[in-house]
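Take a look at the letters that make up each chain.
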Amino acid sequence: MQELTADVIRASFVNADERDLEILDLPPDLMLADWFHLDFLAWRDPATRSRCYAVVELDGEPTGVVLRVAASSSRARNGICNICRTMQPGNQVTMMSARKGGEAGRREESIGTYMCADASCHQNVRIAHPLAPGEFRADVDFRIDSTARRMRDFVRRVRDAD
Ligand SMILES: [Zn+2]
């Protein structure tokens, strides 16, 4: 994706109010981001752990969403992240909800999905595992592309809600 400055990231959110932007902390390693290899930027707020953020490019425009992380449940079962489709221990997949953009957001409507609790989807599909028997490089590329597409689709649904 194109390189994003702190100002561009802050201006990209489609469902943030002033209060959200006030408490937002950027990823601590933003300066080290490898933009060329990034399909999207997602991070857990380093100070406000109940917040998570994702910024994707939609039609070339950086588009971000604020996500609220559900209070951790005692659910011990494993879960699958809806973005990267990685199976995780129960406490590492969590419900995240995004207040919808525009009018719907003012009516406090939101969209939720289960996601990796540490927002590591982008890394998970790259480093999670060596190729399984019978798996090809193309499968991994497909998984990477699908993950990026699902994250874009989610952000688009939040932005275009009304
Ligand atoms: Zn994930």
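Keep in mind that what you see is a predicted model, and the values were worked out from it rather than measured.

Undergrad: How should I be thinking about the pairing of strand β6 (residues 93–99) in this particular structure?
TA: On a regular strand, one side chain projects to one face of the sheet and the next to the other, so that they alternate. With respect to burial, β6 is a largely interior element, five of its seven residues being buried. The pairing of strand β3 (residues 61–69) with β6 spans two bridges and is classified as antiparallel. Opposite Arg68, over in β6, you have Ser97 as the bridge partner. Bridge count between β6 and strand β7 (residues 110–116): seven bridges; the pairing is antiparallel. By the bridge assignment for β7, Thr94 is matched with Met115.

Undergrad: Got a minute to help me understand the packing of aromatic side chains in this structure?
TA: Aromatic ring pairs: the centre-centre distance and the angle between the two ring planes describe each pair. Within this structure, the stated rule accounts for two aromatic pairs. The interplanar angle of 70° and the centroid separation of 5.8 Å between the aromatic rings of Phe13 and Tyr53 together place this pair among those described as edge-to-face. Placement of Phe13 in the loop between α1 (6–11) and α2 (18–23) and of Tyr53 in strand β2 (residues 51–58) is noted, with a sequence separation of 40 residues between them. Classification of Phe13 as buried rests on a relative accessible area of 10%. A ring pair is formed by Trp43 and Tyr53, whose centres lie 5.1 Å apart and whose planes are at 40°; its orientation type is tilted.

Undergrad: Mind showing me how you'd approach the coordination of the zinc ion here?
TA: Each pair of donors in an ideal four-coordinate tetrahedral metal site encloses 109.5 degrees, whereas pairs in an ideal six-coordinate octahedral site enclose 90 or 180 degrees. Every protein donor of the zinc ion is accounted for by Cys81 (SG), Cys84 (SG), Cys116 (SG) and Cys121 (SG), and the metal-donor separations fall at 2.2 to 2.3 Å. Around the zinc ion, the four donor atoms are arranged such that angles at the metal cover 102 to 120°; this shape is classified as tetrahedral. Spacing between the donor residues of the zinc ion along their common chain follows C-x2-C-x31-C-x4-C. You can see Cys81 sitting in the loop between β4 (79–80) and β5 (87–88) and its partner Cys121 sitting in helix α4 (residues 121–127), a full 40 residues away along the chain. The pair Cys81 / Cys121 is uniform in exposure class, with both members buried.

Undergrad: In this structure, what is going on with the side chain of His122? I would like to understand it.
TA: Mapping His122 onto the fold places it in helix α4. With relative accessibility at 8%, the residue His122 sits in the buried group. At a separation of 2.8 Å, a polar atom in the side chain of His122 contacts the main-chain amide nitrogen of Asp39. Ignoring any residue separated from it by four or fewer positions in sequence, one finds His122 in contact with His37, Leu38, Asp39 and Phe40.

Undergrad: What is the right way to look at the pairing of β3 in this model?
TA: Judged by how many residues are buried, β3 sits mostly within the fold: seven of nine residues are covered. Relative to β3, β2 runs antiparallel, the two sharing eight bridges. Paired with Glu57 across the bridge in β3 is Pro62. The antiparallel pairing of β2 with β3 creates a hairpin that spans two residues between the two strands, and Asp59 there sits at a positive phi of about 50°.

Calculation notes
Residues numbered from 1 in each chain as written. Predicted model: local features only at pLDDT ≥ 70, side-chain atom pairs only at ≥ 80, totals over all residues. Heavy atoms only, no water. Buried < 20%, exposed > 50% of the residue type's maximum accessible area, 1.4 Å probe, protein only. Helix = DSSP H or I, 4+ residues; strand = E, 2+ residues; numbered from the N terminus. Pairing = 2+ DSSP bridges. Phe/Tyr/Trp six-rings, centres within 6.5 Å; stacked < 30°, edge-to-face > 60°. Donors = N, O, S within 2.8 Å, 3.2 Å for Na, K, Ca; no water. Tetrahedral: all angles 85-135°; square planar, octahedral: opposite > 155°, others 65-115°. Polar contact = N/O pair within 3.5 Å; in protein donor to acceptor, adjacent residues only side chain to side chain. Contact = heavy atoms within 4.5 Å.

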